[in-house]
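Survey of secondary and tertiary structure
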Amino acid sequence: MNSLKNMFRPTKPISKNVSFKPDELISNSQKLMLELGIIRQSTNGLYHLLPLAQRSLDKLINIINKNMMDIGAQKISMPVLIHSNLWKKTGRLSKNIEDLYIVNDRKSKEFLLSPTHEEVVTDLFSSDPKTYKQLPLMLYQIGTKFRDEIRPKLGIIRSKEFLMKDLYSFDRDQTSAITTYNKVCQAYEKIFKHIGVKFIKVEGASGMMGGNQSHEFHFPAEVGDDTLLQCKRCGFGMNKEMSPELIQCPKCSSTNIKFTKAIEVGHTFNLGTFYSNALSATYSDTDGTLKPPYMGSYGLGVTRIIGASVECLSTQEIIQWPRSLSPFTVCIIPAKEGSIEENTSLNNIQSLYNHFTKIFGDDIVVDDRTHMTIGKRLIEAKKLGFPFVVVMGKKINENPSLYELYEASTNKLEHYELINLINYLKQQCLDKI
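Residues numbered from 1 in each chain as written. Predicted model: local features only at pLDDT ≥ 70, side-chain atom pairs only at ≥ 80, totals over all residues. Heavy atoms only, no water.

**Notes on the overall build of the chain**
Counting secondary structure elements, the chain contains 10 helices and 21 strands. Each principal axis of the C-alpha distribution contributes one length, and for the chain these read about 80 × 50 × 45 Å. Sequence-distant contacts, at least 24 apart, represent 69% of the contacts inside the chain between residues at least 6 apart. Only carbon and sulfur atoms are counted for the fraction: they give 50% of the accessible area of the chain, which is about 20,500 Å². Computed over 54 positive and 46 negative side-chain charges, the separation of the two mean positions in the chain equals 0 Å. (Helix = DSSP H or I, 4+ residues; strand = E, 2+ residues; numbered from the N terminus. Contact = heavy atoms within 4.5 Å. Areas by Shrake-Rupley, 256 points an atom, 1.4 Å probe, with all protein chains shown as cover. Lys, Arg positive; Asp, Glu negative; His and termini not counted. Charge placed at Lys NZ, Arg CZ, Asp CG, Glu CD.)

Right, dumping it as structure tokens:
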């Protein structure tokens, strides 16, 4: 039985090792997640993900893995610490060193903590002979990345260390590469629809990644670093950084342009053969000639999605999760110890938990801090954003027993007999499938 009483949640929101400048921007999601013991700041720009955040993260990873498997992508793990020679071969080390963590080992060999793995995966591809029959090939990982942010901010939305899903594709030619690119973009749209937070897809700049085609996925939010330009006539969208002085839509020439602040949570790149040529990666074609594969690179900011989801949906005082990422779907609040409802509550709690387990699996937590009043625990359950809170209150002693159900999406509290409560929650579960 999952227990809030035993859950590790530090009571002091700010660690003694952390200091904030008076003008530092602390986002609403950062404030709530720190105060409620969901994350813990280790030092500026670095965070611990505590049990509730970890459960949310695990759910997101499951959603990502499912959609990657559906398109035939294979999951691997690559080293984070990589030899700098790979980046020197592509020329990226001489252009983009300000955001990199560069280290030397005891033999004075230079390494970097890679913020992205195009060179590494291309080197992996080239380490073994490939033929056209093995293409297209899609390899992805979910792992830690590092970026020396000049000013980390917004909690886990923009930190120095973060979790990222990066996928890399290899194709025979440009036509096949575009097909793969569109397939991955469609999978990304399915992921974001499953998550349940409004997202915007726009054309983006390739930047340090290179390539000739790029799209970005954003959650609209006022604290976002990006400004999106969207044409109200034809629907075309792009990041403002691509054309800062844009006054009309490049597709339909309309001047009716909408500006939206947003947080980037995903980015896709059609890379062409830049990395293949630089690192001598080839495959054997039908006639036996060796050709460079056309590549694609596709990223999702995994921890950023968690923080940005909370940022977009929550109020100043209460977290609201997308239901797909809520640490627990149901929180049960039993009666206070010493109350006249305590015996009935104790006699029924395990049965109630078992009923819910048949519907929600392990996605249930019991707030068994029964030294606290039901009211205080209900307030905290609301702040933590659990979609459903079942309270074993005063009406539990009635005949038949009545359970209180608080539903976060409606902010309403209703009473149900057990069978009706079970049937209602079953239906809510089915509606989300």
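**Observations concerning the environment of Ile-64**
Among the secondary structure elements, Ile-64 is positioned in helix H2 (residues 51-70). Along the primary structure Ile-64 and Lys-190 are separated by 126 residues, whereas in three dimensions their C-alpha atoms are 9.5 Å apart. If near-sequence neighbours (up to four positions away) are discounted, Ile-64 is found in contact with Ile-142, Lys-165, Ile-191, Leu-300 and Val-302.

**Considerations on the sheet that holds strand S19 (residues 388-391)**
Here we have 5 strands laid out as an open sheet, ordered S18-S17-S19-S20-S21, and mixed in their pairing. Strand pairing shows two members of the sheet lacking a second neighbour, strand S18 (364-366) and strand S21 (412-416), which therefore form its edges. The mean angle between the axes of side-by-side strands here comes to 20°, regardless of whether they run parallel or antiparallel. The sheet contact formed by strand S17 (residues 330-333) and S18 spans 3 bridges and is parallel. The residue bridging Ile-332 from the neighbouring strand is Val-366, located in S18. Across the sheet, helix H10 (residues 418-431) is in contact with S19, strand S20 (403-407) and S21; its angle to S20 comes to roughly 20°. (Pairing = 2+ DSSP bridges. Axes fitted to C-alpha atoms, helices over the stretch in contact; angles between N-to-C directions.)

**Let's talk about the pairing of strand S9 (residues 200-203)**
Across the two faces of S9 the burial differs, with Ile-200 and Val-202 buried and Lys-201 and Glu-203 not buried at all. By the bridge criterion, 4 bridges tie S9 to strand S10 (residues 213-220) in an arrangement that is antiparallel. In the strand pairing of S10, Glu-203 is matched with His-215. (Buried < 20%, exposed > 50% of the residue type's maximum accessible area, 1.4 Å probe, protein only.)

**Brief notes about the packing of aromatic side chains**
Summed over the entire model, instances satisfying the criterion amount to 11 aromatic pairs. Site record: aromatic cluster; members linked through ring pairs are Tyr-188, Phe-192, Phe-199, Phe-217 and Phe-219. When the ring centre of Phe-125 is taken as reference, the NZ or CZ atom of Lys-130 above it lies at 4.9 Å. When the ring centre of Tyr-406 is taken as origin, the NZ or CZ atom of Lys-382, which lies over that ring, is 4.8 Å away. (Phe/Tyr/Trp six-rings, centres within 6.5 Å; stacked < 30°, edge-to-face > 60°. Lys NZ or Arg CZ within 6 Å of the ring centre and 35° of its normal.)

**Considering helix H1 (residues 28-35)**
A large share of H1 lies buried, amounting to 6 of its 8 residues. Turning to H1, its buried residues are Asn-28, Ser-29, Gln-30, Leu-32, Met-33 and Leu-34. Here the buried face of H1 lies against strand S1 (39-43), strand S2 (46-49) and helix H7 (302-313). Among the residues trailing H1, Gly-37 stands out with phi positive, at a value near 70°.

**Focus: the pattern of salt bridges**
Under the criterion given, the structure shown has 18 salt bridges. With a closest N to O distance of 2.6 Å, Arg-92 and Glu-119 form a salt bridge. Of this pair, Arg-92 sits in the loop between helix H3 (84-90) and strand S5 (101-104) while Glu-119 is found in helix H4 (residues 118-126), placing the two residues 27 residues apart along the sequence. Neither residue differs from the other here; Arg-92 and Glu-119 are each classed as buried. The closest approach of N and O atoms between Arg-158 and Glu-149, which form a salt bridge, is 2.9 Å. Here Arg-158 falls in the partly exposed class, since its relative accessible area comes to 24%. When its relative accessible area of 8% is taken as the criterion, Glu-149 is described as buried. A single network of salt bridges, built from pairs that share partners, joins Arg-9, Asp-367, Arg-369 and Glu-380. (Salt bridge = Lys/Arg side-chain N within 4 Å of Asp/Glu carboxyl O.)

**Some points on the pairing of strand S11 (residues 226-231)**
In terms of burial, S11 is a largely internal element, 6 of the 6 residues being buried. In this structure, S11 lies alongside strand S13 (residues 257-272), joined through 6 bridges in antiparallel fashion. By the bridge assignment for S13, Cys-231 is matched with Ile-257. By the bridge criterion, 3 bridges tie S11 to strand S12 (residues 237-239) in an arrangement that is antiparallel. When the sheet's bridge partners are listed, Leu-229 is paired in S12 with Met-238.

**Structural notes on the packing of helix H8 (residues 342-360) against H10**
The N-to-C vectors of H8 and H10 enclose an angle of 20°; their axes lie 10 Å apart at closest approach. The orientation of H8 with respect to H10, classified from their angle, is roughly parallel. Where H8 crosses over H10, the handedness of that crossing is right-handed. Residues Leu-352, His-355, Phe-356, Ile-359 and Phe-360 of H8 pack against Leu-418, Leu-421, Ile-422, Leu-425, Lys-426 and Cys-429 of H10. Here the contact of H8 with H10 is composed, by residue class, of 9 nonpolar, 1 polar and 1 charged. (Parallel < 35°, antiparallel > 145°, perpendicular 65-115°, else oblique. Left-handed = near helix turned anticlockwise from the far one by under 90°. Nonpolar A, V, L, I, M, F, W, Y, C, P; charged D, E, K, R; others polar.)

**Thoughts on the domain arrangement of the chain**
Domain assignment breaks the chain into domain 1 (28-313) and domain 2 (328-431). Relative to domain 2, the C-alpha centre of domain 1 lies at a distance of 40 Å. The partner domain 2 presents 6 residues to the 5 residues of domain 1 that form the contact. Here domain 1 and domain 2 share an interface that buries about 520 Å² over both sides, 61% of which is from carbon and sulfur atoms. When the area that domain 1 buries against domain 2 is broken down by residue, the three leading residues are Leu-36, Leu-52 and Arg-55, summing to 79%. Inspection of the region where domain 1 meets domain 2 yields 3 salt bridges. Linking Asp-363 and Lys-59 is a salt bridge whose minimum nitrogen-to-oxygen distance equals 2.8 Å. Each residue belonging to the side of domain 1 that touches domain 2 can be placed in one class, and the counts come to 3 nonpolar, no polar and 2 charged. (Domains from an automatic or database assignment. Buried area = accessible area lost by both parts, 1.4 Å probe.)

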